[in-house]
Amino acid sequence: MANMETAEFETDLSLFKYDNLEQLPPRYRDLEENERTERIEAALADLGDDVVILGHNYQRREIVEHADFIGDSYQLSKQAAEADAEYVIFGGVTFMAESADIITDDDQSVILPSMEASCPMAGMAEALQVDSAWAEITAAAPDADIIPITYMNSYADLKAFCASQGGLVCTSSNAHKAFEYAFDKGDKVLFLPDKHLGENTAHQLGMEDEIAQWDPWDPESKDAGEVAESDIILWDGYCQVHERFRVEHIEQVREDNPDAKVIVHPECRREVVEAADKAGSTATICETIAEADPGDTWAIGTEVHLTNHLQRWHPEVSVVPLCGDACMDCNAMRQIDPNYLTWVLEELACGREHNVIEVAPEEKELAGVALDRMLEI
Ligand code: 13P
Ligand code: SF4
C-alpha cells in the first residue's frame, strides 16, 4: 500500500487501512452454527472479564447474539470508553474500531474480527484529498472561519485533521448539535463525508438555502470562490446502501398497507427523509419500534439486518423492510463473519492476538480531541 503524506498526517489510499490484516484460516471456514456457538461460548467462558463484545445494530444475528452491548455508533463509542476489559472485540467496521481504540486506555486492545470490514463511505474522504480541498476553500474565503465536521463514518486521520482545524466529529444522532457548536465558533461548516446527512441536518436547522456541494472527483465542476460563499459546504460522499432507497418505495409500502408508518436513516436522500414519517439514527429506529403499540406497522429504511433484528425482538409489531425483497445489505458490515469471531476468540483464549486495530499515535491524540468535543456537545 502506498503511503502518501498530507500536510501533517500520513494516510494510505486503500480501502484497507491496516497492513496487519489477517485472513481466516481454512480450518475455520466451514463451521456449522451449533458447533460454532459452543466454541464461542467456551472461549468466552475461558476469557471471562478480559473480553467485551460490542455489536453494531447492522451486524448479523450470529454476531449480535454474542454481543455484550448492541447499539448505534455513538452508543458503542460510549460503551468502548466505559469498558474495563483488556480486549474490546468490535462487531462493526474499521472506523468504529478505530474510534474505540482512540477512546480506550493504552493497555486495552481493540480487535476487528475481519479487517476487510471497511465502510466505503469512510473511504470517500481521504485525509489527503480533504487537505487539498481545504487549502482551496480556505484560500477562496480568507476572512471566514470555516469549521470542519466529520461524520463518525471516517478514518482517524480525517478526525485528526478536523480537530487540528478547530472542528469535531458527529454521529447521525448529534449532527445538528455539532453544527450548532460549529456556528457558535465560526462562520461556515465543511461537512464530510456524507452529503445526505449534511443536507438533512441543514434542513433540520432551517439552513437549507445555505448549502453548496464540493465534488472532489470532478475538478472542472467546482469554483472554490462560489462554493465558499455558502455557509454549509457538503463533501460529495454517500452511503451506497442508504442511497438506494427511493420515494417510490415509501409510496409502495403505503399502497400495500395504508396504516404503515415509515422511519428512515438520515443517510437517505433528502426527498426520502421528507416523504417518511420519521428519520433517525439506528438507535432512534430501535427506540421507535420498542415504543410502538402492538399491531402497529412500521416500514424501516435502513440496512436490512437491523430490520430483521427488530422483527425478531418485537414480534408484537409488524416490522417490514422498506424495499420489500430488495436486499439493502451492507457488504462492509457483513465481513464480520461468525467464523472470524470464533477464530479471534479461540486464539485470544490461547494468548494470541489477531486483527488488532491500532491507530498511529500522532493521529490518536488529535482524533481523540475531535471525539471528546463530540462527547461534550
Ligand atoms: P448509526 O450511527 O445510526 O449507528 O449509523 C452508522 C452507520 O454506519 C449507518 O450507515
Ligand atoms: Fe458504511 Fe453505509 Fe455500511 Fe453504514 S451502511 S457502514 S455508512 S456502507
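Residues numbered from 1 in each chain as written. Chains lettered and ligands numbered in written order. Predicted model: local features only at pLDDT ≥ 70, side-chain atom pairs only at ≥ 80, totals over all residues. Heavy atoms only, no water.

(A) Main features of the overall build of the protein chain. Along the protein chain, the regular secondary structure elements total 15 helices and 16 strands. The globule rule puts the C-alpha radius of gyration for 377 residues at 21 Å, and the 21 Å found for the protein chain is close to it. Overall, the C-alpha framework of the protein chain stretches about 60 × 55 × 35 Å when taken along its three principal axes. Expressed as a percentage of the 377 residues in the protein chain, the buried residues total 58%. Residue pairs in contact within the protein chain that sit at least 24 positions apart in sequence constitute 68% of those at least 6 positions apart. Counting only carbon and sulfur atoms, one obtains 42% of the accessible surface of the protein chain, whose full area is about 15,600 Å². Here the protein chain contributes 26 positively and 78 negatively charged side chains, and the mean placements of these two sets differ by 4 Å. (Helix = DSSP H or I, 4+ residues; strand = E, 2+ residues; numbered from the N terminus. Rg over C-alpha atoms; globule rule 2.2 N^0.38 Å. Buried < 20%, exposed > 50% of the residue type's maximum accessible area, 1.4 Å probe, protein only. Contact = heavy atoms within 4.5 Å. Areas by Shrake-Rupley, 256 points an atom, 1.4 Å probe, with all protein chains shown as cover. Lys, Arg positive; Asp, Glu negative; His and termini not counted. Charge placed at Lys NZ, Arg CZ, Asp CG, Glu CD.)

(B) Looking closely at the site of ligand 2. Taken together, Tyr58, Cys119, Pro120, Met121, Asn153, Cys239, Glu267, Cys330 and Met333 form the complete shell of residues around ligand 2. Split into classes, the residues belonging to the shell around ligand 2 amount to seven nonpolar, one polar and one charged. (Near = heavy atom within 4 Å. Nonpolar A, V, L, I, M, F, W, Y, C, P; charged D, E, K, R; others polar.)

(C) Local environment of the packing of aromatic side chains. For the structure shown, the criterion picks out three aromatic pairs. Both rings, one in phenylalanine 179 and one in phenylalanine 191, keep their centres 5.4 Å apart while their planes meet at 50 degrees; by these two values the pair is tilted. Here phenylalanine 179, found in helix H7 (residues 175–185), pairs with phenylalanine 191, found in strand E9 (residues 188–192); they are twelve residues apart in sequence, far enough to count as distant. Its relative accessible area of 0% is what places phenylalanine 179 among the buried residues. Taking 5.9 Å as the distance between ring centres and 65 degrees as the angle between the ring planes, the aromatic pair formed by tyrosine 340 and tryptophan 343 counts as edge-to-face. Taken together, the positions of tyrosine 340 and tryptophan 343, both in helix H14 (residues 338–349) and three residues apart, correspond to about one turn of that helix. (Phe/Tyr/Trp six-rings, centres within 6.5 Å; stacked < 30°, edge-to-face > 60°.)

(D) Main features of helix H6 (residues 156–164). Judged by how many residues are buried, H6 sits mostly within the fold: eight of nine residues are covered. Taken residue by residue, H6 has Ala156, Asp157, Leu158, Lys159, Ala160, Phe161, Cys162 and Ala163 as its buried positions.

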